[in-house]
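These are the residues of each chain, in order.
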Amino acid sequence: MEEILLNELAEIKRNTLLAAKNVLTLDDVVLLTGLSKNHLYNLTSKNEIPYYRPRGKQIYFDRAEVEAWMKQNRVNTRQEAESNAAAFCIGEGGAA
């Protein structure tokens, strides 16, 4: 029981520290995104995710940039899609 509590406290501490950071390591981004290290390395090698390499070896990420990257390609809700379709039909349909 004590070991479980210690593990949970360690996880709480790690998540608290992560929430306070603006510059993230690869391990931090793994926790933040749920992506694997291997996938993140692939994304950086293809320049598909913004990152920094100040000393040429270890890579760092800006939290705001990672969060913005995660929010790319938003999918409309059904209500938004129906509203857009109705607006299109009203605008285009009247001319036909």
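Up top is the structure.
Residues numbered from 1 in each chain as written. Predicted model: local features only at pLDDT ≥ 70, side-chain atom pairs only at ≥ 80, totals over all residues. Heavy atoms only, no water.

**Side note on unusual backbone geometry**
Phi at Asn-47 is positive, roughly 55°, even though this residue is not glycine. Mapped onto the elements of the fold, Asn-47 is located in the loop between helix 3 (37-45) and strand 2 (61-62). Phi at Asn-73 is positive, roughly 55°, even though this residue is not glycine. Inspection of the secondary structure assignment puts Asn-73 in the loop between helix 4 (63-70) and helix 5 (78-93). According to the relative accessible area criterion, Asn-73 is exposed, its value standing at 72%. (Helix = DSSP H or I, 4+ residues; strand = E, 2+ residues; numbered from the N terminus. Buried < 20%, exposed > 50% of the residue type's maximum accessible area, 1.4 Å probe, protein only.)

**With respect to the packing of aromatic side chains**
Applying the stated criterion to the full structure yields 1 aromatic pair. The interplanar angle of 50° and the centroid separation of 6.5 Å between the aromatic rings of Tyr-51 and Phe-61 together place this pair among those described as tilted. In this pair, Tyr-51 is assigned in the loop between helix 3 and strand 2 and Phe-61 in strand 2, connecting sequence segments 10 residues apart. Accessibility expressed as a relative area gives 26% for Tyr-51, which makes it partly exposed. Judged by its relative accessible area of 1%, Phe-61 falls in the buried class. (Phe/Tyr/Trp six-rings, centres within 6.5 Å; stacked < 30°, edge-to-face > 60°.)

Everything listed here is a matter of geometry and, on its own, says nothing about what the molecule does.
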